[in-house]
Amino acid sequence: MDKQQRIKEWQEKTEQSMNRFPERKERFHTSSDIEVGRLYGTEEEHYPMESLGLPGEYPYTRGSQSTMYRARFWTMRQYAGFGSAEETNKRFRYLLDQGQTGLSVAFDLPTQIGYDSDHSMSRGEVGKVGVAIDSIEDMEALLKDIPLDKVSTSMTINAPASVLLAMYIAVAEKQGVGPEKLSGTIQNDILKEYIARGTYIFPPKPSMRLITDIFGYCQEFVPKWNTISISGYHIREAGANAAQELAFTIANGLAYVDAAIESGLKIDDFAPRLAFFFNAHNQFFEEVAKFRAARRMWAKLMREHYGAKNPKSWQLRFHTQTGGSTLTAQQPDNNIVRVTTQALSAVLGGTQSLHTNSRDEALALPTEDSARIALRTQQILAHETGVADTVDPLAGSYYVEHLTDELERKANEYIEKINQMGGAVAAVEQGYMQREIHHTSYETQKKIENGQEIIVGMNKFSIENEPQPELLRVDPTLGEKQKEKLQTLKAKRDQNRVSAQLDSLRAAAKSDDNLMPIIVECVKSYCTIGEICGVLREEFGEYTGV
Amino acid sequence: MKKTIRVLIAKPGLDGHDRGALVVSQALRDYGMEVIYTGLRQTPEQIAAAAVQEDVDAIGLSCLSGAHNELFPEVMRLLHEKGADDIIVVGGGVIPWEDIPFLESKGIQKVFTPGTPTIETAKFIEQAVYERDGITEEVFSGVAPERIDHIGIAVKSLDEALPFYVNVLGLTLEAIEEVPSQKVKVAFIKIGETRLELLEALTLDSPIAQFIEKRGQGVHHVALGVTNIQDRIDEMKSNGIKMIHDAAVPGAGGASVAFMHPSSTHKVLFELCEKTKSKEEAK
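Since this is a predicted model, take the numbers as computed values, not measurements.

Caption draft 1: Structural view of the overall build of chain B. The secondary structure content of chain B amounts to nine helices and 13 strands. Taken over the C-alpha atoms alone, chain B extends approximately 80 × 35 × 30 Å along its principal axes. Classification of the 283 residues of chain B by burial places 47% in the buried group. Expressed as a percentage of contacts within chain B between residues at least 6 apart in sequence, the contacts between residues at least 24 apart total 60%.

Shown next, in the form of structure tokens:
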């Protein structure tokens, strides 16, 4: 199609969509009253239409929507959760009152690894890095007085994602909200658990089955739910560089697509619900370029390699969190500045939602004060800086476009290597990504120690006798309280019904049936997460690492 | 013989963040230690058992989930139960500063918080293990020699040898003097920052005469420039080095010198040599 014609059609389509999704302001302008247009660059004679496209159009280099933040800011979604369900519910309602627009639940490690709070492996861990959930009772307390048809909820849960999603559906039903109205995301990305994050339970094969069962179930019953958040975040935190983060995330994404197709699903039925999750680190322009490259790479793969027809299948939509491992324990207030530039790179890279880290996360869980400053950082970027007033403002920068091309090239080299190994699952089983990441992380550490890389306040500009900040403490008696709660529940529930449901679960695990419907029944019968995962552990076995 | 220190790096609890544990493992290996990494999700029982079975000198516990106050002391209790209290235990991870005194009271020797250079961890473990084992000779605490002051070469006749150094090599003859205490006549030839010291015997019982008789002409000794020579002599002796001179004697050029016995220096005759201050300043 002729370039002028294409731009004209894009303008018409954009105007039309604005009838439904109007922009934030009638007119955008700078402090000097210079008009701020929606999009710049297309008037250039040599505008690279093929590699950049137009916003909201293939290959989405310039953004996944046509008006981007001129219509609506990114979702400000702070990851939170600690201690008991009741305590976390309070923090959620505080964040919503402060203007946060989505929830993001952090679960404690026993929940993430499918153990009840009274299991011997749970010792010391109950309620520490997130909220402790044993049964649907805890989930009800967690979501008390939060309108689930209005708030979208992201849950960082992987190996037992089916169980937590089932609980969410069941609690919504009790609130009178049907599953078709629910919106949110489960992380559900097991491959990066093997690679970088460590909260796996089952071996790869049954894990991939649990994931594709969720894809199939949600397509039918929970259509607005993002069924997976394919995560580079933890790969980066484990020490990868930007190109490795990009490459391994997309390689993992391809493995899920392959598994879903193999299980009989059609690409355009599940691909629109795939979401991504990236890190924002310190190298500002490289990070912006990474997000732009990711969109373009995914669009090409989905359309050209998999033949997806629905444009929503081509779109890579992503959440971003600023880089936890870039924060220093020394002079923690400096971290506010790091978080600000990282968050800005995510915004200029076109993220759909954003978590900004709190300054004290290298020391402990964030205090309420720190969590508020982190949220304010996003609000300042959104409301005070004007960076959200035009679409993809860094496009056309020689440097940013070069970095975008180079990251795509380097990532494709890795992906090619992984394909030759038989795909991401095989590469993970051979420990390939793990080794690559470890190599990079050790090199980085050496550079920091010999001063080649400077970390302000840590290996340079340090101060003696730093004041010690106030830190958040989790109630140390929580483990015991949670155990008691569990015992009370076990005494009062209908034990026969529990046993019957667990038997059905076992039978389903042995068959090829979709496990989601029976897991929903299990949680409604007050089976605990440890009991459900216990049955699956017996049937599927456990992964023990490379 | 340098002792090879064995370290167990362990991840107690359910925490899956092992970047720090892996980096520290690698750094300790590069430092020369033997490192065993347990992998994720180890119970305190598994860690204590592995430490005893592997006969390690030290354990590094890594935890970023906040479970350290329960899990670290439990490891200590189990080590005690197994009679393995002599194992040095250190910890690291996301550990609030206010928890550190408690962990130390439970026997954790040191907690390394984020940002600690790995070399610091390695040195701490090394020193703690050496202290426990009463090993001192490995830890060099003195002051190293600063330069090669000169190289001593035994010749039969200065008159015969000097033309080679001065006319052929083109070096500068600085001075010729007799050193009665050593029964030698020496010629100093300057070369860069150092000197060649040609030695000719004055008497038949001079050490140089004996040397030439036994081995022929050639390199005789290497002189190491030091300060506070008496302290250096005492240091050498405390490290088991046999000295020819227990106290400094006057040497050529106004220096104070002392020789070490070749039997404890792998057959090289070394001389410790301190130039007096005024001489240094005169240069």
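The discussion continues.
Caption draft 2: Broad picture of the interface of chain A and chain B. Listed per partner, the contact involves 37 residues of chain A and 34 residues of chain B. For chain A, the biggest contributors to the area lost against chain B are Met121(A), Arg123(A) and Tyr442(A); these three give 21% of the whole. There are two salt bridges connecting chain A and chain B. A salt bridge links Arg123(A) to Glu74(B); the nearest nitrogen and oxygen atoms lie 3.6 Å apart.

Caption draft 3: The packing of aromatic side chains, seen in detail. All names here are of chain A. Under the criterion given, the structure shown has 22 aromatic pairs over all chains. Taken together, a centroid distance of 5.2 Å and an interplanar angle of 55° make the contact between Tyr-168 and Trp-225 tilted. Within this pair, whereas Tyr-168 is found in helix α6 (residues 161-175), its partner Trp-225 is found in strand β6 (residues 225-226), the two being separated by 57 residues in sequence. For the pair Tyr-168 and Trp-225, a shared accessibility class is recorded, and that class is buried. Residue placement shows Arg-303 over the ring face of Trp-314; its charged tip is 5.2 Å from the ring centre. When the ring centre of Tyr-115 is taken as origin, the NZ or CZ atom of Arg-537, which lies over that ring, is 4.2 Å away.

Caption draft 4: Focus on the side chain of Ser207(A). Counting through the fold element by element, Ser207(A) comes out in helix α8 (residues 204-221). If we ignore the near neighbours within four places in the chain, the residues touching Ser207(A) are Ile190(A), Tyr194(A) and Phe202(A).

Caption draft 5: Summary view of the sheet that holds strand β8 (residues 274-280) of chain A. Residues and elements named next belong to chain A. Pairing in this open sheet of five strands is parallel, and the strands run β1-β10-β9-β8-β7 from one edge to the other. The open sheet has two edge strands, β1 (75-76) and β7 (228-231), and neither has a second partner. Where β7 and β8 come together, four bridges link them in parallel fashion. Bridging across to β8, Ser-231 finds its partner in Phe-277. Relative to β7, helix α10 (residues 242-262) is tilted by about 145°, and along the sheet it contacts β7 and β8.

Caption draft 6: Main features of the side chain of Ser157(B). One can find Ser157(B) in the loop between β6 (147-154) and α6 (158-168). A polar atom in the side chain of Ser157(B) sits 3.3 Å from the backbone nitrogen of Asp159(B).

Caption draft 7: The arrangement of the sheet that holds strand β9 (residues 194-201) of chain B in detail. Residues and elements named next belong to chain B. Strand order in the open sheet made by the eight strands is β7-β8-β9-β6-β10-β13-β12-β11, with mixed pairing throughout. Looking at which strands have only one partner, the edges of the open sheet turn out to be β7 (172-179) and β11 (249-250). Where strand β10 (residues 218-225) lies against strand β13 (residues 270-274), four bridges are found, and the strand directions are parallel. Bridged to Leu-224 within β13 is Leu-272. Docked against the sheet, α6 engages β6, β7, β8 (184-191) and β9, running at close to 160° with respect to β9.

Caption draft 8: The arrangement of helix α16 (residues 398-421) of chain A in detail. Residues and elements named next belong to chain A. Here α16 contains 24 residues, and its C-alpha end-to-end distance of 35 Å stays within 8% of the 34 Å for a straight helix at 1.5 Å per residue. All of the buried residues along α16 are Val-400, Glu-401, Leu-403, Thr-404, Leu-407, Glu-408, Ala-411, Tyr-414, Ile-415 and Ile-418. Where α16 terminates, the next one or two residues include Gly-422, which has phi positive at roughly 105°.

Caption draft 9: Highlighting the environment of Leu61(B). Position of Leu61(B) relative to the elements: it lies in strand β3 (residues 58-63). Leu61(B) sits 32 residues away from Gly93(B) along the chain, and the two C-alpha atoms are 8.4 Å apart.

Caption draft 10: Layout of the pattern of salt bridges. Residues and elements named next belong to chain A. The final tally for this structure, using the stated rule, is 60 salt bridges over all chains. One salt bridge in this structure joins Arg-209 and Asp-213, with 3.5 Å as the shortest N-O distance. Here Asp-213 and Arg-209 lie together in helix α8, a separation of four residues that amounts to about one turn. In this structure, Arg-209 and Asp-213 share a single accessibility class: buried. A salt bridge links Arg-506 to Glu-539; the shortest N-O distance between them is 3.0 Å. One end of the pair, Arg-506, is in helix α20 (residues 495-510); the other, Glu-539, is in helix α22 (residues 529-540), with 33 residues separating them in the sequence.

Caption draft 11: Region of interest: the nonpolar core. Counting 152 residues, the largest nonpolar core has Trp74(A), Met139(A), Met155(A), Leu164(A), Leu505(A) and Leu515(A) as its most contacted members. Residue contributions to this core peak at 13 residues, all from α10(A). Beyond its immediate chain neighbours, meaning those up to four positions away, Leu515(A) contacts Arg209(A), Leu210(A), Asp213(A), Leu505(A), Ala508(A), Ala509(A), Leu536(A) and Phe540(A). Among the nonpolar cores identified, the runner-up in size contains 24 residues, and Ile59(B), Phe72(B), Ile87(B) and Ile95(B) belong to it.

Caption draft 12: Structural view of the pairing of strand β2 (residues 34-37) of chain B. Residues and elements named next belong to chain B. Where strand β1 (residues 6-10) meets β2, four bridges bridge the pair, whose relative direction is parallel. When the sheet's bridge partners are listed, Arg-6 is paired in β2 with Glu-34. As a crossover connection, the stretch from β1 through helix α1 (residues 19-30) into β2 is right-handed.

Caption draft 13: Expanded view of unusual backbone geometry. Residue and element names in this part refer to chain A. For the peptide bond that leads from Tyr-58 to Pro-59, omega is 0°, which places it in the cis range. Topologically, Pro-59 is positioned in the loop between α2 (49-52) and β1. Even without being a glycine, Gln-331 presents a positive backbone phi close to 45°. Within the secondary structure, Gln-331 is located in the loop between β9 (318-322) and α14 (334-348).

Caption draft 14: Region of the structure containing the pairing of β7(B). Residues and elements named next belong to chain B. In terms of strand pairing, β7 meets β8 through seven bridges, oriented antiparallel. Residue pairing in the sheet places Glu-178 in a bridge with Lys-185 of β8. Between β7 and β8, which pair antiparallel and follow one another directly, the connecting turn spans four residues, one of which, Lys-183, has a positive phi of 55°.

Conventions we followed
Residues numbered from 1 in each chain as written. Chains lettered and ligands numbered in written order. Predicted model: local features only at pLDDT ≥ 70, side-chain atom pairs only at ≥ 80, totals over all residues. Heavy atoms only, no water. Helix = DSSP H or I, 4+ residues; strand = E, 2+ residues; numbered from the N terminus. Buried < 20%, exposed > 50% of the residue type's maximum accessible area, 1.4 Å probe, protein only. Contact = heavy atoms within 4.5 Å. Buried area = accessible area lost by both parts, 1.4 Å probe. Salt bridge = Lys/Arg side-chain N within 4 Å of Asp/Glu carboxyl O. Phe/Tyr/Trp six-rings, centres within 6.5 Å; stacked < 30°, edge-to-face > 60°. Lys NZ or Arg CZ within 6 Å of the ring centre and 35° of its normal. Pairing = 2+ DSSP bridges. Axes fitted to C-alpha atoms, helices over the stretch in contact; angles between N-to-C directions. Polar contact = N/O pair within 3.5 Å; in protein donor to acceptor, adjacent residues only side chain to side chain. Expected span 1.5 Å × (residues − 1). Core = buried A, V, L, I, M, F, W, Y, C linked by side-chain atoms within 4.5 Å. Right-handed = clockwise from strand over helix to strand, strands pointing away.

Limitation: the analysis is restricted to geometry and does not speak to function.
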